[in-house]
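One-letter residues, chain by chain:
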Amino acid sequence: MGGPMAANLVRAGYRVLGHDLVESCLAAAEESGVERAKSATEAAAAADVVITMLPAGRHVLSLYGQEGLLEAARPGTLFVDCSTIDVADSRAAHAAAAATGHRSLDAPVSGGVVGAEAGTLTFMAGGEETAFAAAEPLLSVMGKKAVHCGGAGAGQAAKICNNMILGVSMIAVSEAFVLAESLGLSDQALYDVASAASGQCWALTVNCPVPGPVPTSPANRDYRPGFAAPLMAKDLGLAANALRAGGIDAELGLKAAELYARFAEGAGADQDFSGIVRAIRAASSQTTATQEGTTA
């Protein structure tokens, strides 16, 4: 996602230096006008704002500390971390930035690769109001909405809550389509009703898990990821950890985390998170076959 986000900044007239460990990603960014940096620290040393997007909290903390990103930056540099990580790790990153004389913001995103390319992401930001105000012009280029959610880590809190809703919703929508198929109702008929009734939700109308009703959904591209299942599994895992730590009775959230963890480790490893409809369909077929065998 960082590549198209950087490309949108270039198109808006900003000078962007970029670094990525994956050569193909860095080459694609160069084609869009991003200047190649030999390392993350080289990019940070010349920047007024440093935007990071990494897989997990340990990567953010390592890059900030051991790998010298904070040390390389000029005093007062604004660090905006768009990774989705644990709230505690995010707060630790804020503390490390403050200790080295920098401003910081945690600003995870919602909208997937499609949103990053279109510049329609939603940013959920945590940190000081002055840091948010300084970052807002950049966030408005990369997204359509930026919400200041509160202090350090608040953006991460909002992100895991939002994605718990999304994960549970996608499972519910997928189960409804599989049920409709078993009842002889076409995908299009269910979509036409639910999208204009109380079942309407983002998982249905934007990321519809079956081919046909929403031509732009990953289901029409053999579930090539817009938002990969392993990323949803990671986010739901963060939510599950927070639920347990807080003693929250959230059966659906915990079950969604379990289902996506299993899907991501298996057939969904390289699929969009909406591909879980296939796993639900396959499990349903096995259950039906077992019931028929028992009856016979």
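Note that the structure is predicted; figures quoted are calculated from it, not measured.

Further remarks concern the overall build of the protein chain. Secondary structure summary: the protein chain contains 14 helices and eight strands in total. Computed over its C-alpha atoms, the radius of gyration of the protein chain comes to 21 Å, within 12% of the 19 Å expected for a compact globule of 296 residues. Oriented by its inertia axes, the alpha-carbon framework of the protein chain measures out at about 75 × 45 × 35 Å. Put simply, the protein chain has 296 residues, and 42% of those count as buried. In the protein chain, once contacts between residues fewer than 6 apart in sequence are set aside, the share between residues at least 24 apart is 63%. Of the roughly 14300 Å² that the protein chain leaves accessible, carbon and sulfur atoms contribute 57%. Charge-centre separation for the protein chain: the mean point of 19 positive side chains lies 2 Å from the mean point of 30 negative side chains.

Once that is clear, we can look at the domain arrangement of the protein chain. Each assigned domain of the protein chain is listed with its residue range as follows: domain 1 (1–150) and domain 2 (156–289). Of note, the centres of domain 1 and domain 2, computed from C-alpha atoms alone, are 28 Å apart. Counting from both sides, the interface comprises 16 residues of domain 1 and, opposite them, nine residues of domain 2. Both sides of the domain 1 and domain 2 interface together cover about 1100 Å² of buried area, and 58% of this is carbon and sulfur. At the junction of domain 1 and domain 2, the tally comes to zero salt bridges.

Turning our attention to the UniProt feature "domain: 6-phosphogluconate dehydrogenase NADP-binding" (unreviewed entry) in the protein chain. Within the UniProt annotation, "domain: 6-phosphogluconate dehydrogenase NADP-binding" (unreviewed entry) is assigned to residues 1–150. Taken end to end, residues 1–150 is 47% helix and 22% strand, and its two terminal C-alpha atoms sit 24 Å from one another.

This next bit is on the pairing of strand E3 (residues 49–52). Residues Val-50 and Thr-52 line the buried face of E3, whereas the alternating positions Val-49 and Ile-51 sit on a face that is not buried. Two strands pair when backbone bridges link them, and E3 and strand E4 (residues 78–81) are joined in this way by four bridges, in the parallel orientation. Opposite Val-49, over in E4, you have Leu-78 as the bridge partner.

Here we come to the packing of helix H9 (residues 154–182) against helix H10 (residues 187–194). How two helices sit against one another is set out by the angle between their axes and by the gap between those axes. Two elements in contact, H9 and H10, have axes separated by 9 Å at closest approach and are oriented at 130°. With respect to their mutual orientation, H9 and H10 come out oblique. When the axes of H9 and H10 are compared, the crossing they make is right-handed. Judged by residue contacts, Ala-176, Phe-177, Ala-180 and Glu-181 of H9 engage Asp-187, Leu-190 and Tyr-191 from H10. For the contact of H9 with H10, the class distribution of residues is five nonpolar, no polar and two charged.

Moving on, we come to unusual backbone geometry. Positive phi, normally seen in glycine, also occurs at Asp-222, with a value near 55°. Among the structural elements, Asp-222 can be located in the loop between helix H11 (202–205) and helix H12 (229–246). Even without being glycine, Tyr-223 reaches a positive phi, approximately 65°.

Counting across every chain of the model gives zero disulfides. The thiol of Cys-82 is unpaired, and the distance to the nearest cysteine sulfur, on Cys-149, comes to 13 Å. Cys-201 takes part in no disulfide bond, and the closest cysteine sulfur, belonging to Cys-208, lies 9.5 Å away. A relative accessible area of 19% places Cys-201 in the buried class.

What counts as what
- Residues numbered from 1 in each chain as written.
- Predicted model: local features only at pLDDT ≥ 70, side-chain atom pairs only at ≥ 80, totals over all residues.
- Heavy atoms only, no water.
- Helix = DSSP H or I, 4+ residues; strand = E, 2+ residues; numbered from the N terminus.
- Rg over C-alpha atoms; globule rule 2.2 N^0.38 Å.
- Buried < 20%, exposed > 50% of the residue type's maximum accessible area, 1.4 Å probe, protein only.
- Contact = heavy atoms within 4.5 Å.
- Areas by Shrake-Rupley, 256 points an atom, 1.4 Å probe, with all protein chains shown as cover.
- Lys, Arg positive; Asp, Glu negative; His and termini not counted.
- Charge placed at Lys NZ, Arg CZ, Asp CG, Glu CD.
- Domains from an automatic or database assignment.
- Buried area = accessible area lost by both parts, 1.4 Å probe.
- Salt bridge = Lys/Arg side-chain N within 4 Å of Asp/Glu carboxyl O.
- UniProt positions renumbered as here; feature names shortened; annotations may be inferred.
- Pairing = 2+ DSSP bridges.
- Axes fitted to C-alpha atoms, helices over the stretch in contact; angles between N-to-C directions.
- Parallel < 35°, antiparallel > 145°, perpendicular 65-115°, else oblique.
- Left-handed = near helix turned anticlockwise from the far one by under 90°.
- Nonpolar A, V, L, I, M, F, W, Y, C, P; charged D, E, K, R; others polar.
- Disulfide = S-S within 2.5 Å.

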